[in-house]
Structures are given as structure tokens and as C-alpha cells.
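# Commentary on secondary and tertiary structure
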Amino acid sequence: MLFRFEKPDKAQLAVMDAVIRSGKKGCRYALPQMDEATASGLAFLVGELEKVKPALMEPLTSVTWQRDLVPKTGGGFVDSVSTYAVSYGTSAPDEEALIYNGTTAIPTAQADITKDRYKTITFAENFQVSYLNQEALRQIPRSMDEIMDNSVKLNWSKLLDKNAYKGMKKLDTYGLTNNPDVVASTAANGAAGTATWSTKTPGEILADVNAVLAAQWAAVEYDVSAMANHILVDPQNFGYIATQPVSEAGNESILSYVKRNCLAAAQNVDLVFVPCRQCMGAGTGSTNRLVAYCNDESKIDFDITMPLSRVMTSVSAEKMAYVNAYAGQLSQVKFKYPQTLRYLDGI
């Protein structure tokens with residue numbers, strides 16, 4: 001049977017009305033007469049012929065804290081987390097602990113143990129799902145509970161990301177890109193008269209990276225195990241060095257050239273070079289900042305003492321809704337050795 005998708009004229013409507021009033025079988029046109037009295041005569045068939053994409057379009061976002069820090073999980077809800085540190089020394093009379101003929105005083109080894117406490121951050125959020133909304137959504141492949149669950153999880157993930165890179169200003173904590181205890185220096189100007197990498201040669205960019213690595217290595221007493229193995233730069237500069245060739249031959253990018261020839265490579269340290277949007281404007285004078293550090297849990301990490309969990313669900317008869325409560329807890333970033341980090345501003 002062939003359907004004609006067209007609006008009937010007055011004569012056709014009169015015939016159809018007569019057929020309907022008579023109760024006899026007759027021809028029915030395929031479209032708008034079914035909804036002639038509505039604001040849009042095509043409303044019914046639009047719904048019938050509509051192709052609905054089942055996937056829900058969620059916000060575009062990204063979190064990278066898992067890449068740049070090692071979390072320690074477990075402990076439950078606590079007031080704080082702590083670490084212990086020790087420093088060693090030797091008492092007089094000889095700092096090298098040497099003795100000679102006639103020595104009557106033997107040097108004594110000493111250990112000074114200190115305890116560092118770190119703040120915890122408790123996250124709690126709830127959502128309610130109306131009974132009527134839940135029942136209405138049963139007609140389509142959607143779950144209001146799942147949608148709101150994803151919302152809470154995204155909020156938790158963004159909190160972890162903020163804590164890792166910026167800290168919580170209201171709690172007076174800091175992250176990877178803004179710790180005031182980390183030494184920051186300003187990049188030297190290149191031949192073009194500016195410090196930004198977009199105006200520097202590959203050799204000048206390599207010199208900047210090596211200057212940071214050398215300063216950080218000296219600060220950790222030339223301990224290779226504490227040498228910087230992770231570098232964060234803003235996405236714009238990362239994109240530039242990752243795509244800009246070293247020479248006209250175009251067989252190697254600046255990024256590859258720097259990683260292959262830097263001080264870390266000479267010490268067999270695998271240097272990870274990654275983009276980090278939190279480096280944008282993090283430097284002195286709102287300039288872009290490079291962060292070089294040793295990404296090792298013995299040097300820097302943070303705790304997730306209580307992973308995000310749905311802790312309770314209750315029914316509210318007054319609101320005709322289900323109320324779901326979530327909670328989780330994490331600690332501030334623990335800079336166990338601040339000297340293992342180094343900043344370079346102005347790139």
C-alpha cells in the first residue's frame with residue numbers, strides 16, 4: 001500500500017468527515033488530519049518516525065591526576081594523615097667519627113625523627129530522584145539514577161584533579177603547580193630577546209630543560225633515584241615542541257630531540273614529558289610554568305582514605321523521591337621532599 005504524505009484539501013476533509021460520521025470504512029490519508037486540531041499537525045508522526053540516539057551526550061572534560069601522582073588508597077574516614085621523617089647526625093668530637101691514639105671520647109650516632117601531618121578533605125553530595133520522573137523515564141532507555149550517579153562521580157573526579165594540581169585555597173593547601181615551598185626560576189631570554197619557547201631555537205629549549213634538571217638534581221644531593229623524571233608544561237608549548245621539527249629535514253620533533261639529549265637521559269632516567277592545562281598562567285606574572293619533579297610515591301603522593309561510595313539511600317514520602325547520599329575522603333598532596341620539585345616560569 002502506498003501512503004501519500006500530503007495535507008488533504010477541503011474537499012478531501014469533507015469526504016473523510018462524512019465517512020467517519022457514517023461509521024463506514026473508507027480511505028484515510030497518511031498524515032496531518034490526525035492532528036489537525038493541534039498546534040503542529042505533524043507532531044504525532046514526527047515522534048513515530050524519529051530516530052533516537054540511545055547514547056547520552058555528556059559534558060566534555062578530562063582529568064589527569066592518575067597520570068601525574070600516585071594515590072594511596074585505604075584508611076577510612078580520618079581527621080588527618082601523617083608521615084615520619086628522620087635525619088641523621090654524629091656528635092662531637094669528630095664529625096667523621098674518627099678516633100686516634102689517646103682518644104677518650106667516642107663520637108655518637110644520632111637520629112632525629114619528626115612527624116608531618118597532612119589535612120584530609122571530606123567530600124559529600126546527595127541527589128534525589130523523583131518517583132514520577134523515574135516512572136516517566138521508564139518509557140525510554142534512560143535511568144535518572146544512572147545520570148545523577150555519573151554527575152556525582154564527575155564532581156568527585158574534578159575534585160581529585162583540582163587537589164592534585166592546585167590544592168584547596170580555602171583549606172590553605174597546594175598542588176603540583178603552585179607550592180610556595182618549591183624553588184621557582186625564570187627562563188632566560190633566547191636570541192630573539194624573549195623567554196617564550198615559541199621564539200626559541202631547539203637548542204635554547206634544551207638548555208632551559210637542562211638548567212631545571214641540573215638545579216633539581218643538585219638540590220637532591222645528586223641522588224639519581226630522586227632526579228626529576230616527570231615534566232609538566234602547558235598544552236600550547238607541548239603542542240609546539242611535539243610538532244615542530246628540529247630542522248628542515250623534519251625527521252625529529254623538538255620534544256624527541258630534548259628527551260634524547262637532556263641530562264635525565266644521560267643518567268638513564270626515563271623522562272616523561274606531558275601537557276598539563278593547570279600550568280597555564282601558574283608562573284610569576286601569570287606566565288606559563290614548567291614543573292619538573294620526581295614522580296615516585298616515596299617522594300610525593302596523596303591519600304584517598306575513603307574512595308567515593310554510595311553510603312545510604314532513603315525514601316522521602318513527602319517529596320515522593322529516592323534520596324541517595326555519597327561520601328569520600330582524600331588528603332592534600334604530601335610533598336615529602338619539596339626539593340624534588342622545581343619550577344621554570346616564563347616559557
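Details of the structure are given in the entry above.
What you see is a predicted model; the values in this text were computed from it and never measured. (Residues numbered from 1 in each chain as written. Predicted model: local features only at pLDDT ≥ 70, side-chain atom pairs only at ≥ 80, totals over all residues. Heavy atoms only, no water.)

### Quick word on the side chain of Gln278
Position of Gln278 among the secondary structure elements: in the loop between β6 (272–275) and β7 (289–293). Once residues within four sequence positions are removed from consideration, Gln278 is found in contact with Asp161, Tyr165, Lys166 and Thr177. (Helix = DSSP H or I, 4+ residues; strand = E, 2+ residues; numbered from the N terminus. Contact = heavy atoms within 4.5 Å.)

### Observations regarding the packing of aromatic side chains
Each aromatic ring pair is characterised by the separation of its centres together with the angle its planes make. Under the defined criterion, the tally for this structure stands at four aromatic pairs. Between Trp65 and Phe302 the ring centres are 5.7 Å apart and the planes differ by 75°, which places this aromatic pair in the edge-to-face class. Linking Trp65 in helix α3 (residues 65–68) with Phe302 in strand β8 (residues 300–304), this pair joins segments that are 237 residues apart in sequence. (Phe/Tyr/Trp six-rings, centres within 6.5 Å; stacked < 30°, edge-to-face > 60°.)

### What to know about the packing of helix α6 (residues 202–219) against helix α8 (residues 254–261)
The interhelical angle for the contact between α6 and α8, taken along N-to-C directions, is 45°, at an axis separation of 10 Å. With respect to α8, the element α6 is oriented oblique. As for how α6 packs across α8, the hand of that crossing is right-handed. Listed contacts from α8 to Pro202, Gly203, Ile205, Leu206, Val209 and Asn210 of α6 are Ile254, Tyr257, Val258 and Asn261. For the contact of α6 with α8, a count of residues per class yields seven nonpolar, three polar and no charged. (Axes fitted to C-alpha atoms, helices over the stretch in contact; angles between N-to-C directions. Parallel < 35°, antiparallel > 145°, perpendicular 65-115°, else oblique. Left-handed = near helix turned anticlockwise from the far one by under 90°. Nonpolar A, V, L, I, M, F, W, Y, C, P; charged D, E, K, R; others polar.)

### Section: the nonpolar core
Grouped together as the largest cluster of nonpolar side chains are 30 residues, with contacts concentrated most on Leu176, Leu232 and Ile300. Counting only elements with at least two residues in this core, the list comes to β3 (109–130), α5 (144–165), β7, β8, β10 (321–331) and β12 (341–345). The element best represented in this core is α5, accounting for six residues. Beyond its immediate chain neighbours, meaning those up to four positions away, Leu176 contacts Asp68, Leu69, Ala164, Tyr165, Leu232, Val291, Tyr293, Ile300, Phe335, Leu341 and Tyr343. (Core = buried A, V, L, I, M, F, W, Y, C linked by side-chain atoms within 4.5 Å. Buried < 20%, exposed > 50% of the residue type's maximum accessible area, 1.4 Å probe, protein only.)

### As for the pattern of salt bridges
A complete count under the given rule lists eleven salt bridges for this structure. In this structure, Arg310 and Asp145 form a salt bridge, with 3.2 Å as the shortest nitrogen-oxygen distance. Linking Arg310 in strand β9 (residues 306–316) with Asp145 in helix α5, this pair joins segments that are 165 residues apart in sequence. Measuring nitrogen to oxygen at the nearest pair gives 3.5 Å for the salt bridge that ties Lys334 to Asp301. Separated by 33 residues along the polypeptide, Lys334 in strand β11 (residues 334–335) and Asp301 in strand β8 bring together distant segments of the chain. Exposure class is identical for Lys334 and Asp301. Each is buried. (Salt bridge = Lys/Arg side-chain N within 4 Å of Asp/Glu carboxyl O.)

### Observations regarding the pairing of β8
The buried fraction of β8 is high, at five of five residues. Here β8 shows no split at all, with Ile300, Phe302 and Ile304 on one side and Asp301 and Asp303 on the other all buried. Relative to β8, strand β1 (residues 71–73) runs parallel, the two being bridged by three bridges. Along β8, the bridge assignment pairs Pro71 with Phe302. Bridge count for β8 against β11 is two bridges, and the pairing is antiparallel. Note on β11: the bridge partner recorded for Asp301 is Lys334. (Pairing = 2+ DSSP bridges.)

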